[in-house]
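# Remarks on the overall topology
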Amino acid sequence: MDRIVVRGGRRLSGVIPISGAKNAALPLMAAALLTEGPLVLTNAPDLADIATMAALLRTLGLTVEHDKAARRITLRGSARDVTAPYDIVRKMRASILVLGPLVARHGRARVSLPGGCAIGTRPVDLHLKGLEALGATIALDGGYIEAAAPKGLTGARIVFPKVSVGATENLLMAATLARGRTELVNAAREPEIGDLAECLNEMGARIGGIGTDRLVIEGVDSLGPAEHPIIPDRIEAGTYACAVAITGGEAVLKGARMADLGAVPRTLREAGVELSELRDGVRVRRPNGLIGTDVMTEPFPGFATDMQAQFMALMCVAEGASMITETIFENRFMHVPELMRMGARINYHGASAIVRGVPKLSGAPVMATDLRASVSLILAALAAEGQTTVSRVYHLDRGYEAIERKLAAVGADIERLRD
């Protein structure tokens, strides 16, 4: 199992390229089930989750070509099988996104209940209730979701009781081929959903209200080919902004878009980090010390839950105290004991953690527990005295492309040890 070794104390300086967004690429790949294609996705990242989705789509019968050098994924063909098997789905929660497209185009689907990071209960009930509202029948059998709509789906007004990114994406895709008009109310507004909607419109869908919490979809008979650039990864950009800040450095996040970062820039500025938008990126610098800053995770445009662990690492070396409150997922403080091994002072109970900044962290052997927890340990290691070894970094490879090479290129003393 690979490990990453970091010898801290280096100031980061230079240019960090931001890859295409994993959380945009995965639903876009699933959208290929709605058309014969080809669907060509550019600015595609090379990540373990992308490989998992490609394997799932190939299992269903699609042809998937990933030209890593050109950063291009080409998908074409129709599903010959409508079963998404447990052995693949268990590796990645986003596999549930094939459910809506399969039912919409083929009238049925059999999808294993999903896996993914162990960051708390993330039920799929909103996906299933939404498909039922569109006319599908749903049954659970042997760990599989059995969905059927032999006569096709019919548009409906669906009001989400709470914001759900995955359910919004699944039902948005399903509604494109439903008869009549579908309205999704209290829909998630994350930039990845806007990217998906834009791509679907390029394929021939009729979606209005993009960027708002009310999406209106007029169903069409079929969708066609398209070529679409994947948006830059806002979570990767926010992560590297924290990396630059925790080392007192200065760097340009090439390709990052300030508008996609939601509340993250405002929160970082309150903590003493300077951010400025450039023509093709965002400049980040930390001219002085860090200031303890409270934060609460919220749906977009609030502070992203996927940035909570990284911000906590930053607050570990800030002056004063900060309160970090997690409102999206339970069990998302699993990085706390590992940060404390490095000398962080953190008290947590339930959904809130109090972080009291310390003058310095100390390198230590630590273990990654999920994707964003993994990278928070890398950030802490960049600021720590001595050497830190992060094990179980396969979590990192799910969502961060070549992280050790990107950080080394701007001055970090970091290497991957392959077993």
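Please read all numbers here as calculations on a predicted model, not as lab measurements.

## Quick notes on the overall build of the protein
Along its length, the protein carries 14 helices and 24 strands. Compactness check: the protein gives a C-alpha radius of gyration of 21 Å against a globular reference of 22 Å for 419 residues, within 12% of the reference. Each principal axis of the C-alpha distribution contributes one length, and for the protein these read about 65 × 45 × 40 Å. Sequence-distant contacts, at least 24 apart, represent 73% of the contacts inside the protein between residues at least 6 apart. When the accessible area of the protein is evaluated, it comes to approximately 15,800 Å², of which 49% is carbon and sulfur surface.

## Comments concerning the sheet that holds strand β22 (residues 365-367)
With respect to topology, four strands assemble into an open sheet ordered β22-β23-β1-β24, the strand pairing being mixed. Where the open sheet ends on each side, the last strands, each with one partner, are β22 and β24 (413-417). With direction set aside, neighbouring strand axes in the sheet form an average angle of 20 degrees. Across five bridges, the pairing between strand β1 (residues 3-7) and strand β23 (residues 387-391) is antiparallel. Its bridge partner lying in β23, R3 is registered against S391.

## Brief notes about the packing of helix α5 (residues 125-133) against helix α6 (residues 165-176)
The contact between α5 and α6 brings their axes to 8 Å, and the two run at 25 degrees. On the basis of the axis angle, α5 is roughly parallel to α6. Every pair of crossing elements has a handedness; the one defined by α5 and α6 is right-handed. Taking contact as the criterion, the partners of L126, H127, G130 and L131 in α5 are, on α6, G166, A167, N170, L171 and A174.

Definitions and cut-offs
- Residues numbered from 1 in each chain as written.
- Predicted model: local features only at pLDDT ≥ 70, side-chain atom pairs only at ≥ 80, totals over all residues.
- Heavy atoms only, no water.
- Helix = DSSP H or I, 4+ residues; strand = E, 2+ residues; numbered from the N terminus.
- Rg over C-alpha atoms; globule rule 2.2 N^0.38 Å.
- Contact = heavy atoms within 4.5 Å.
- Areas by Shrake-Rupley, 256 points an atom, 1.4 Å probe, with all protein chains shown as cover.
- Pairing = 2+ DSSP bridges.
- Axes fitted to C-alpha atoms, helices over the stretch in contact; angles between N-to-C directions.
- Parallel < 35°, antiparallel > 145°, perpendicular 65-115°, else oblique.
- Left-handed = near helix turned anticlockwise from the far one by under 90°.

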